[in-house]
Amino acid sequence: MENLKKVAFYTLGCKLNFSETSSIGRQFENYGFSKVDFTSSADVYVINTCSVTDHADRKCKKVVNQALKHNPNAFIAIVGCYAQLKPQEIAQIPGVDAVFGASEKFELPKYIGEGLKLKETQIHIKPINEVDTFVPAYSFGDRTRTFLKVQDGCNYSCTFCTIPLARGHSRSTTIESVIEKAKEAASQGVKEIVLTGVNLGDFGLGTDLNSKNRPFGNFYELIQELDSEIDIDRFRISSIEPNLLTDDIITWVSTSKKFVPHFHIPLQSGNDRILKAMRRRYLRNLYVDKVTKIKNVMPDCCIGVDVIVGFPGETDEEFLDTYNFINELQISYLHVFTYSERENTEAALIKEVIPNRIRSQRNEILTKLSETKKKAFYESQIGKVLPVLFEHEKHNAYMYGFTSNYVKVKAIYDPLFTNEIKMVKLLEIDIDGYVLVEDADVEVLQHI
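Described below are features of the structure shown in this document. (Residues numbered from 1 in each chain as written. Predicted model: local features only at pLDDT ≥ 70, side-chain atom pairs only at ≥ 80, totals over all residues. Heavy atoms only, no water.)

### What to know about the sheet that holds strand β20 (residues 435-439)
Part 1: Pairing is mixed around the closed barrel formed by five strands, whose spatial order is β16-β17-β18-β20-β19. Strand-to-strand, the axes of this sheet are offset by a mean angle of 50°, without reference to chain direction.
Part 2: In this sheet, strand β18 (residues 408-412) lies alongside strand β17 (residues 398-403) in antiparallel orientation, the contact comprising five bridges. Across the sheet, the residue bridging to Y400 is K410, located in β18.
Part 3: Of the strands in this sheet, β16 (385-395), β18, β19 (421-429) and β20 touch helix α13 (residues 356-381), which is tilted by about 115° from β19. (Pairing = 2+ DSSP bridges. Helix = DSSP H or I, 4+ residues; strand = E, 2+ residues; numbered from the N terminus. Axes fitted to C-alpha atoms, helices over the stretch in contact; angles between N-to-C directions. Contact = heavy atoms within 4.5 Å.)

### Remarks on the pattern of salt bridges
Two side chains with opposite charge may pair up if their charged atoms get near one another.
Part 1: The final tally for this structure, using the stated rule, is 27 salt bridges.
Part 2: Here E314 ties to R362 by a salt bridge, and the two come within 2.8 Å at their closest N and O atoms. Taken together, the residues span a long stretch of sequence, with E314 in the loop between β14 (302-309) and α12 (316-328) and R362 in helix α13 at a distance of 48 residues.
Part 3: Residues participating in the shared-partner salt-bridge network are E20, K105, K149, D152, R167 and R171. (Salt bridge = Lys/Arg side-chain N within 4 Å of Asp/Glu carboxyl O.)

### Structural notes on the side chain of T159
Part 1: Take T159: it is sitting in the loop between β9 (151-152) and α6 (163-167).
Part 2: With sequence-adjacent residues up to four places away left out, T159 is seen in contact with A277, M278, R279, F311, T345, E346 and A347.

These results come straight from atomic positions and should not be treated as a statement about function.
Structure below.
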């Protein structure tokens, strides 16, 4: 075992990246590599990058430098969205041996071989419009939950987004194939599977970019099959576009014993003119309809929202429109993103640029609104008895977990609770913003 080559991974960005990193790691292990922690000395370091967050170049350089500190002679491989978009830029980073594109990243062991350092940086990338395969993936390492990739790419053309340029068009696989991977993931002992993808609601689209047919079924059919076929306690839907969140899906989740009452629904703006400028596929009235439908059938459902501030041309009045719109919605928390220019996007060509100072101010305002919304949602759950999946981390004699409707709770550490779902009573919000809980009374449980 001591002679095995060692490989280490570092992942930036979304949960989809984490699921793909895990799958790439299993490939290396099948090729005879030993997977080690990133802070260890490894023969190969794989860095999975992101293009959505700011300063992708700076973050990538920093991680490369950290890897070289652990082993100056290591083979450094860069994959992910940033790699697909700007391979030449990455190739200029000292110490990088190879850059791999959206499809090539799933064949790393074949390209890397023994992992010997190269004299010149290699680039293995095909044009994104030629990427037409779907590679399944799921994360592994967290004993509590796994992120299962069921869809990749996006056919939308939002004016601020580079994801279609980095991941290609929407594609997926058969429901039967997803079931097989879900069973494999569930067998690892996790209690929750989180369904993830670039545009999850577009599950079922094949590899033909011009086709609107869904040869593999649709997302609604997928969740029904998962519910009936997979022996696991929980399924969670990571993020789904409002125009693809059908009433059938909402109703199904409200009656399911496995799919939890939690939706994350991108909004991006609460102003119709900005939504049109972003080329989103809905207006605010549709968003209101979806939130109203959810709350009617699941009053305690947690609803998360993505929103972008500082989009080019966004006036003070339009930002206030967004603020008021969100403030009146029955949502639970926000993920607030400050708009930043991306090359090869239409939004970057709009002349009415919002100063960074104003962008930051707007971010701060919505972040405070998010804190208010989250606290109000948590307070609405106080006194209730809910199932909590406890994580294995221990910190200062406490352990943490999430209720089915995504309230983060805090309890006195008990090793028997690790990776277990327990019924608990929600007591109060502590100074750190978590909800303190205690074991639910058995008599109470018999009546819920």
